[in-house]
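Secondary and tertiary structure notes
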Amino acid sequence: MSKLLIETRLFEGKVNEDSSGRTIVKGILQRAGAPNQNERVYPKEILMREAKKYETLIKERRALGELDHPESSVINLKNVSHNVREIHWDGDDLMGTVEILPTPSGNILKELLKAGILLGISSRGMGSVEPRNGGGVTVGDDFELIGWDFV
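Presented here is a report on the structure given in the accompanying data block. (Residues numbered from 1 in each chain as written. Predicted model: local features only at pLDDT ≥ 70, side-chain atom pairs only at ≥ 80, totals over all residues. Heavy atoms only, no water.)

Comments concerning helix H2 (residues 104-114)
This is how the line gets drawn: Partly exposed residues are those whose accessible area sits between 20% and 50% of the maximum for their type, while under 20% is buried and over 50% is exposed, using a 1.4 Å probe and protein chains only. Secondary structure elements are taken from DSSP: a helix is a run of H or I of four residues or more, a strand is a run of E of two residues or more, and numbering for both begins at the N terminus. Arc definition: directions from the helix axis to the C-beta atoms.
Ser 105, Gly 106, Leu 109 and Leu 113 are the residues of H2 that are buried. Buried residues of H2 fall within an arc of 100° about the axis and therefore sit on the same side. Looking at H2, the residues exposed on the side facing more than 90 degrees away from the buried face are Pro 104 and Lys 114. Backbone geometry just after H2 places Gly 116 at a positive phi near 80°.

Some words on the sheet that holds strand E5 (residues 64-66)
Put simply, the rule reads: Here, a strand pair is defined by DSSP locating no fewer than two bridges between the strands. Only the stretch in contact is used when a helix axis is fitted, and all axes are lines through C-alpha atoms; the angle between N-to-C directions ranges over 0 to 180 degrees. Any two residues having at least one pair of non-hydrogen atoms within 4.5 Å are treated as being in contact.
Spatially, E2-E3-E7-E6-E5 is the arrangement adopted by the five strands of the open sheet, whose pairing is antiparallel. Here the strands that pair on one side only, and so sit at the sheet edges, are strand E2 (14-17) and E5. Direction aside, the axes of adjacent strands within the sheet are offset by 40° on average. Note that E5 and strand E6 (residues 80-90) share three bridges and pair antiparallel. Looking at E6, one finds that Glu 66 is bridged to Val 80. Sheet contacts for helix H1 (residues 44-59): strand E3 (23-31), E5, E6 and strand E7 (93-100); angle to E6, the most-contacted strand, approximately 130°.

Regarding unusual backbone geometry
Positive phi values are uncommon outside glycine, yet Arg 61 reaches one of about 55°. One can find Arg 61 in the loop between H1 and E5.

What to know about the pattern of salt bridges
Selection criterion: Whenever a carboxyl oxygen of Asp or Glu lies within 4 Å of a side-chain nitrogen of Lys or Arg, that contact is scored as a salt bridge.
Inspection of every chain in the model, using the stated rule, returns 14 salt bridges. Measuring nitrogen to oxygen at the nearest pair gives 2.9 Å for the salt bridge that ties Arg 49 to Asp 141. Here Arg 49, found in helix H1, pairs with Asp 141, found in the loop between strand E10 (137-139) and strand E11 (144-150); they are 92 residues apart in sequence, far enough to count as distant. Of the residues examined, Asp 141 reaches a relative accessible area of 58% and is grouped as exposed. Salt bridges sharing common partners tie together Asp 18, Arg 22, Arg 61, Arg 85 and Glu 99.

Observations regarding the side chain of Thr 97
By secondary structure assignment, the location of Thr 97 is in strand E7. Judged by relative accessible area, which is 12%, Thr 97 ranks as buried. Ignoring any residue separated from it by four or fewer positions in sequence, one finds Thr 97 in contact with Ile 24, Val 25, Lys 26, Asn 83, Val 84, Arg 85 and Glu 86.

Structural notes on the pairing of E11
E11 sits mainly inside the fold: six of its seven residues count as buried. Judged from the six bridges that link them, strand E8 (residues 120-127) and E11 form a sheet pairing that is antiparallel. Bridge pairing in E11 places Ser 122 opposite Asp 149.

Quick look at the structure:
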């Protein structure tokens, strides 16, 4: 049975401005193959597949995320805070470049990051999980990535 899956990790990125004055942060979005805070493992081949599909949203400037997680799989435009501009792999880490948008939620996010507040970055997706030997669960092959939210 498919359900909303949320994976959170601390986001350790630096806040910068690009040449056009846009606020940019870079850091690890998600780690593959290792248990997260929820004892959930995302197999690398599944995350690679979903990251490849997500690149279409990036190219179309529709890779939006929210400040805080909503209770649904739908991205609520009134809560959008950022747009993912680029993703790439560094070993088992899926790295990303994220533009903080000048929206109400984006302004809150920007000021929190500039103040040195340590926030989390959390993937949101739909899929099933299967029990893992030794505890925890592994995300199933039906996983579909929705995006990343700051929490």
